[in-house]
Amino acid sequence: MSSSVRIVRNLKTPVLAQRLNVLGAARAYSTKEPTLKERFAELLPEKQEQIKQLKKDYGKTVIGEVLLEQAYGGMRGIKGLVWEGSVLDPLEGIRFRGRTIPDIQKELPKGPGGAEPLPEALFWLLLIGEVPTEAQTKAFSAELAARSALPKHVEDLIDHSPATLHPMAQFSIAVTALESESQFAKAYAKGVNKKEYWKYTYEDSIDLLAKLPNIAARIYRNVFKDGKVAPVNKDLDYGANFASLLGYGDNAEFVELMRLYLTIHSDHEGGNVSAHTTHLVGSALSSPFLSLAAGLNGLAGPLHGRANQEVLEWLFKMKEELKGDYSTKNIEKYLWETLNAGRVVPGYGHAVLRKTDPRYTAQREFALKHMPNYELFKLVSNIYEVAPKVLTEHGKTKNPWPNVDSHSGVLLQYYGLTEASFYTVLFGVARAFGVLPQLIIDRGVGAPIERPKSFSTEKYIELVTKK
């Protein structure tokens, strides 16, 4: 046994042991290329100056008009947030730092023998706008693995949660409890200069990202399996380790699915509930732990992340009623029955998109490659051929095309992860890859607390009638 290993094992302070593990991981995959944190520090002054100059030159420029119906319609489409990682175009779909999903599938580093992008490489891209090299990605994977251990009080909190408590509630509670580890909170309490905020936000964000698979897997194994969680393997990438912790690490296809799933579910502009909530809470200088926990509570809602669970429940009911006859006639009849009963067709429609969600397409291509004859996939494919026409005729859906939620549960079902109430937790792990980079950027550029103006209905009446 090496002296460094003996030192780590004999340490009384878990945090210090973890720091030595991180240093060891960095040495094991040492490279002359800058780390993510170093590269962010190099690019930050230029970004700060760019924003400062933009505000100086164009701060009074009108960038949009707000309609009364937008104020009462959930602020839909109002231009009022800054989000660097991704932009969602109604027709083009999502772009991560200017790159489409097919682009990132091609450009980002892959796992050994894999074809899907590594989510940790996407985190790198979202934070600084650059694609990491293979060596940088491998070093970052090792760093995340080295930071993955949970404090005992968080493990105990998860283990003592009742199995009847929804997995998303357990997930949020555990992330909140990690506040005990917040370097940002400790530094702020000591009066650290605000120019240094981003460094502590970075450390918290990387720690949090590293620990999420352990939290999620512990919840999954406790509620649905035997309570045993495999150890993190320092030589595996993030998706492979997550698959292993869940108990599916021996299935190479499932590992590939986790890499794809985490990547395409990561970021979707800043205006969705989970992203906006994380950003809003973070703007009050709450730590990344508290900020993400707030975002997870928003993600848990059935109109947001929990929609994938509802899609699957609806599909199973349809499958039972159609008894294997997935003809166009039968599916069309079932869709009309759903709509005429005053319900929506889950998995279809989107607040921004006006085309088939590229995330749906990526999952469909994965299914065509790995499970073309799977009955549930065939059902989803047949619905895809019928639903847009029915929804267009119905006339109450602005976007009659499928979104990401209409497909993800089918893929998980195929590989045996059949517990639908857990699916939003997977989404939550993925969403961290999108929202945490923006928290780091926000603190780096000195973004202010978010505080939009609100009016009462009476005041709005006064405003619009005066016009």
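Bear in mind that the values here come from a model prediction, so they are computed numbers and not experimental data.

1. What about the UniProt feature "active site" (unreviewed entry) in the protein?
Part 1 of the argument: Sites flagged by UniProt as "active site" (unreviewed entry) map to H304, H350 and D405. Spanning 102 residues, the annotated positions come together in the fold, the maximum distance between their C-alpha atoms being 10.4 Å.
Part 2 of the argument: Relative to the elements of secondary structure, H304 occurs in the loop between α15 (288-299) and α16 (307-322).
Part 3 of the argument: Those residues in contact with H304, other than ones at most four positions away along the chain, are N272, V273, S274, G298, L299, D405 and R431.

2. Focus: the environment of L209
Part 1 of the argument: One can find L209 in helix α11 (residues 197-224).
Part 2 of the argument: Separated by 64 residues in sequence, L209 and A145 place their C-alpha atoms 9.9 Å apart.
Part 3 of the argument: Ignoring sequence-local partners within four residues, the contact set of L209 consists of F123, L144, Y238, A432, F433 and L436.

3. With respect to the pairing of strand β1 (residues 86-89)
Part 1 of the argument: Only one face of β1 is covered, namely the face carrying S86 and L88; the face carrying V87 and D89 is uncovered.
Part 2 of the argument: Hairpin connection, β1 to strand β2 (residues 93-96): the antiparallel pair is bridged by three residues.

4. Let's talk about the packing of aromatic side chains
Part 1 of the argument: Considering all chains together, one arrives at 19 aromatic pairs under this definition.
Part 2 of the argument: On the basis of an interplanar angle of 40° and a centroid distance of 5.9 Å, the ring pair of F123 and F140 is categorised as tilted. One end of the pair, F123, is in helix α6 (residues 119-128); the other, F140, is in helix α7 (residues 134-146), and 17 residues separate them in sequence. Both residues of the pair, F123 and F140, belong to the buried class.
Part 3 of the argument: A centroid spacing of 4.9 Å and a plane angle of 85° characterise the contact between Y238 and F433, whose relative ring orientation is edge-to-face. With Y238 in helix α12 (residues 238-246) and F433 in helix α21 (residues 423-445), this pair connects stretches of sequence that are 195 residues apart.

5. Observations concerning the side chain of N214
Part 1 of the argument: Here N214 shows up in helix α11.
Part 2 of the argument: Note on N214: relative accessible area 14%, which makes it buried.
Part 3 of the argument: Apart from the residues within four sequence positions on either side, N214 is in contact with S148, A149, L150, V229, V232 and L245.

6. Quick word on the nonpolar core
Part 1 of the argument: Grouped together as the largest cluster of nonpolar side chains are 110 residues, with contacts concentrated most on F123, F171, L246, F254 and L417.
Part 2 of the argument: Top contributing element to this core by residue count: α21, with 13 residues.
Part 3 of the argument: Residue assignment places this core across two domains, with domain 1 (35-55 + 75-304 + 422-466) and domain 2 (307-415) each supplying three or more.

7. Section: the packing of helix α18 (residues 358-370) against helix α20 (residues 405-414)
Packed helices, taken two at a time, are described by the angle between their axes plus the distance between the axes.
Part 1 of the argument: At a closest axis distance of 9 Å, the pairing of α18 and α20 adopts a crossing angle of 30°. If you check the angle between α18 and α20, you find them roughly parallel. Classified by chirality, the crossing of α20 by α18 is left-handed. Here Y360, Q363, R364, F366, A367 and H370 of α18 lie close against α20, whose contacting residues are S406, H407, S408, L411 and Y414.
Part 2 of the argument: Counted by class, the contact of α18 with α20 contains five nonpolar, five polar and one charged residues.

8. Examining the environment of S286
Part 1 of the argument: As for its position among the elements, S286 is in the loop between α14 (273-283) and α15.
Part 2 of the argument: Taking the C-alpha atoms as reference, S286 lies 7.8 Å from A185; in sequence the two are 101 residues apart.
Part 3 of the argument: Residues within four places of S286 in sequence aside, it is in contact with V281 and S291.

9. Considerations on the domain arrangement of the protein
Part 1 of the argument: The assigned domain composition of the protein is domain 1 (35-55 + 75-304 + 422-466) and domain 2 (307-415).
Part 2 of the argument: Put simply, the middle of domain 1 and the middle of domain 2, counted by C-alpha atoms, are 28 Å apart.
Part 3 of the argument: Contacts between the two partners involve 33 residues from domain 1 and, on the opposite side, 27 residues from domain 2.
Part 4 of the argument: Carbon and sulfur atoms make up 64% of the surface buried where domain 1 meets domain 2, a total of about 2500 Å² over both sides.
Part 5 of the argument: Looking only at domain 1, the three residues that lose the most surface to domain 2 are E253, L257 and Y423, adding up to 24% of its buried area.
Part 6 of the argument: Our count for the domain 1 to domain 2 interface comes out at zero salt bridges.
Part 7 of the argument: Run the count over domain 1 and domain 2 and you get three residue pairs in polar contact (both at pLDDT 80 or more).
Part 8 of the argument: Among the elements of the structure, β1, β2, α5 (101-107), α13 (252-264) and α21 are those that each provide at least two residues to the side of domain 1 that touches domain 2.
Part 9 of the argument: Per element, the largest residue contribution to the side of domain 1 that touches domain 2 is eight residues, and it comes from α13.
Part 10 of the argument: By residue class, the composition of the side of domain 1 that touches domain 2 is 17 nonpolar, nine polar and seven charged.

Rules of the game
- Residues numbered from 1 in each chain as written.
- Predicted model: local features only at pLDDT ≥ 70, side-chain atom pairs only at ≥ 80, totals over all residues.
- Heavy atoms only, no water.
- UniProt positions renumbered as here; feature names shortened; annotations may be inferred.
- Helix = DSSP H or I, 4+ residues; strand = E, 2+ residues; numbered from the N terminus.
- Contact = heavy atoms within 4.5 Å.
- Buried < 20%, exposed > 50% of the residue type's maximum accessible area, 1.4 Å probe, protein only.
- Pairing = 2+ DSSP bridges.
- Phe/Tyr/Trp six-rings, centres within 6.5 Å; stacked < 30°, edge-to-face > 60°.
- Core = buried A, V, L, I, M, F, W, Y, C linked by side-chain atoms within 4.5 Å.
- Domains from an automatic or database assignment.
- Axes fitted to C-alpha atoms, helices over the stretch in contact; angles between N-to-C directions.
- Parallel < 35°, antiparallel > 145°, perpendicular 65-115°, else oblique.
- Left-handed = near helix turned anticlockwise from the far one by under 90°.
- Nonpolar A, V, L, I, M, F, W, Y, C, P; charged D, E, K, R; others polar.
- Buried area = accessible area lost by both parts, 1.4 Å probe.
- Salt bridge = Lys/Arg side-chain N within 4 Å of Asp/Glu carboxyl O.
- Polar contact = N/O pair within 3.5 Å; in protein donor to acceptor, adjacent residues only side chain to side chain.

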